[in-house]
Each structure stands twice: as C-alpha cells, then as structure tokens.
Amino acid sequence: MKKFIIDADTGSDDAVAILLALLHPQTEVLGITVVSGNVPLAQGITNTLSTIEIAEQDVKVYAGAEKPLVRDYIEIHTLEEFTEHVKSLSPVSASAQSVHGVDGMGDIGIVSKSSKYEETGAVDYLIKTINNNPGEITLVTLGPLTNIALAIKKDPSISSKIDHCYVMGGTSDGTGNVSAAAEFNIWVDPEAAKIVFDSDLQLTMVGWDNSYKYAMLKEDEIEQLRSLNTKLADFSVDIQKVLINLTKEWYDFYGFDLPDPITMAIALDNSIIEESQDLHVIVDTRDGITRGQTIVDYFDIEDKNKNVRVITKSSNDKFMNMLLDLLS
Ligand code: RIB
Ligand code: CA
C-alpha cells in the first residue's frame, strides 16, 4: 500500500480528488491537512469531513493555516468582486467562493455530520508523520502551499524525507486562471510556493493547463458519470453546480474542469503522464500583474536545480477511466 498525505483547500474539485485517493485499492490515506484557499479554513475542514463521510471512510483531518504566510486573506463571494480585486493588483489574497460556491461545494446544502478534527495542527502532523515514515510518504497538495512551507521552515529535513510531492499548481504554458499570469493556488500564497519549489523536495507540478486541456468534462463525460448511478458519482457532479454555471458563462458549454482530480489521478497512476520534463520553476512573489506566475525555465537559463517534473501532457482517456472505475 502507498502511504499518502493530502493537503487541500477542500472545494468541489478537491473533494473528488480526495474520493479518488480514499477509494484507490493500493493507497492508504494517512491524514488530510487543510488550508485556507477556495474557502476559509473552517469551511474547508467541514467539506473535507463531509467528503470522508460520503466515502464511508475514517481518516483524520488536521487544521492548518487560516491565511497565507505573509498576505492577508479575505472572502469574496461574487465573480465581479473577485475580478475587480485581482485587477486592482491588491497584495491581499482572496477565496474562490465565486467559482466553487460560498460553501465551496456548489451551495447544494452538503453538511458534515461530524465536526471531529484534530486540534494538533497540520504543520506538526506533517513533520511528525514524515519523520516517522522517512522515504515512504507521497504528499499530494491541492491548495495553496502554506502548510507545506510552514512545515519545511520548521523542519527543513522533511523535504528530503518525502518520497514524492505532487502539486496541483501553476501552469506549464504561461496561462493563468486568476490573472493572465497566475493559477489560483500559487497566486494565493506565492511566498509559500517559492519556499516549496526552491526546496530539495522532489516535485511533480500538475499545472492548470492539464486541467483545461485533459480534465475538462463535457456533456458526454458527465453522462458517463451519471450512468454509473452511484451516490459517489452523483455527489462528484452535483457539487460542481456553481462551477458548471460559470463554465457556461465563460466558455458557453455545459461542463467543468477537474484540476485536483487529475493531479491525484497522476499521483495514483503515473502512466496518465504522457509528456513531462525535469526543469527548474521560478515563482514570482512580486506584487503586480505577474504575481504568482510559475516561470518554467525550459532552456535552463538560470542553471538551477531541476527538481520539478513539469507535466505538459496527460491522458484524458486514462483519467476518465480512473474516475469511472473508482466512482462506480
Ligand atoms: O486553480 C485550480 C486550483 O485552485 C484547484 O486546486 C482548485 O481547487 C483551487 O484550489
Ligand atoms: Ca484545491
């Protein structure tokens, strides 16, 4: 069994990614640490608990950072306000509730029966568990990298003890989904991302380009999920309600993309990777239009440590097959 720790800002796509790990037969999820991002921390914890409940599993959940390392963090509920905030080039970070719903789970009334999570903070849990399982932990990050950066700052030795870290974050092709330059997870906490990317952690970066190119579910794929007729497949589609409405508004078709699930799927089965390069990735922490940009050094101009496996192409077929298999 592969030992996984998941770090998430549990919103509607994180939840599907968590389900894939919980349901994968060769994977043991040791624990889930939560960070503010899509939604504030408390809501992210609730969403993580309700996801574990619907999977009928028992995994401990640890409270992590309520805000980025150095930036303030505010809730924004409407797309207009979020767009205005980003365009103002404010240094303050903001939630993605305009994309995933105020509750982060499509605002369809998902509630968690338990409120039992571990008071032992996420950072101490990460440090303890990684030190107790040197070379055995696969870490999958689905949100801003604040918890991971705090853990590395507190105990730098952990970055060489983690077997591999899969990061949903950044983009390999320069596109952005928050600003023209930045993907949300990196934009929220670029300082944390810089610490993680500059560490000697062995990383796989699954950028948002993989999501919009190879993990965009349209009418046909959604129908395939619905035809499974299972509560997990229906849950996975139902909680995308706000994102579906946004996709219709943005791209004029019915569907949604799944950045965290394709990252998790790649962590569970590397054969989903079709093209990748080991490169150095620079994170822009300056305020302004390029804040949070992941600059991929394709021509090794900086001559720095190529510790990041940058995924530039992945298999939509294999990803869909895993979704249909595990949610059936
Ligand atoms: O940019 C996509 C990422 O931001 C995903 O992890 C999504 O859940 C949000 O956290
Ligand atoms: Ca996420």
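Each remark here, short or long, concerns the structure printed above.
For clarity, every value in this text was computed on a predicted model and none was experimentally measured. Residue indices follow the written sequence of each chain, beginning from 1 at its first position. Starting at A for chains and at 1 for ligands, labels are handed out in the order in which the entities are written. In keeping with the model being predicted, local features are shown solely for residues with a pLDDT of at least 70 and side-chain atom pairs are shown and tallied solely at 80 or more, while totals for entire chains, interfaces and linings include all residues. To obtain the side-chain values, all non-hydrogen atoms of the structure were used and water was disregarded.

*Asks:* Could you clarify how one ought to interpret the sheet that holds strand β14 (residues 308–314) in this entry?
*Replies:* Think of a sheet as strands paired side by side through backbone hydrogen bonds, with each pair either parallel or antiparallel. Ordered in space as β3-β2-β1-β6-β7-β8-β14-β11, the 8 strands form an open sheet in which the pairing is mixed. Each edge of the open sheet carries a strand with a single partner, namely β3 (60–63) and β11 (273–279). Taking the axes of each pair of neighbouring strands and ignoring which way they run, one obtains an average angle of 25° across the sheet. Looking at chain direction, strand β6 (residues 137–141) and strand β7 (residues 162–168) are connected through 5 bridges and run parallel. The partner of T138 across the bridge, within β7, is H164. Lying on the sheet, helix α5 (residues 122–132) is in contact with β1 (2–8), β2 (27–34), β3, β6 and β7; it crosses β2 at an angle near 150°. In this scheme, strands are said to pair when DSSP sees at least two bridges between them. Numbering goes from the N terminus for both helices and strands, where a helix is a DSSP run of H or I of at least four residues and a strand is a run of E of at least two. Structural elements are reduced to axes, namely lines fitted to C-alpha atoms, with helices fitted over the stretch in contact, and the angle between N-to-C directions of any two is expressed from 0 to 180 degrees. Residue contacts follow a heavy-atom distance rule, with two residues in contact if any of their heavy atoms lie within 4.5 Å.

*Asks:* What's the story with the pattern of salt bridges in this structure? I'm lost.
*Replies:* Opposite charge on two side chains makes pairing possible when the charged atoms of those side chains draw close. Any carboxyl oxygen of Asp or Glu that lies within 4 Å of a side-chain nitrogen of Lys or Arg is treated as forming a salt bridge with it. Counted by the stated rule, this structure contains 14 salt bridges. The residue K306 makes a salt bridge to D300 at a minimum N-O spacing of 3.2 Å. Per-residue accessibility, obtained with a 1.4 Å probe over protein chains only, is compared with the maximum for each type, and a residue is labelled buried under 20%, exposed over 50%, and partly exposed between these values. Accessibility expressed as a relative area gives 40% for K306, which makes it partly exposed. Members of the salt-bridge network, linked through shared partners, are R71, E191 and D287.

*Asks:* Is there a simple way to explain the packing of aromatic side chains in this structure?
*Replies:* The way to describe two aromatic rings as a pair is by their centre distance and the angle between their planes. Between rings of Phe, Tyr and Trp, where Trp is taken as its six-membered ring, a pair exists when centres lie within 6.5 Å; planes separated by under 30 degrees are stacked, by over 60 edge-to-face, and by other angles tilted. According to the stated counting rule, one finds 6 aromatic pairs in the structure shown. With 5.8 Å between their ring centres and 65° between their planes, F82 and W187 make a pair best called edge-to-face. Here the residue F82 occupies a position in helix α3 (residues 79–87), and W187 occupies one in helix α8 (residues 184–188), the gap between them amounting to 105 residues. Like W187, F82 is buried. Their ring planes at 65° and their centres at 6.2 Å tell us that W250 and Y251 sit as a pair that is edge-to-face. Using a relative accessible area of 43% as the deciding quantity, one classes W250 as partly exposed. Among the aromatic residues, those joined into a ring-pair cluster are F82, F184 and W187. It is K218 that lies over the ring of F253; its NZ or CZ is 4.5 Å from the centre. A positively charged side chain is recorded as over a ring if its NZ (Lys) or CZ (Arg) lies within 6 Å of the ring centre. The angle to the ring normal must also be within 35 degrees.

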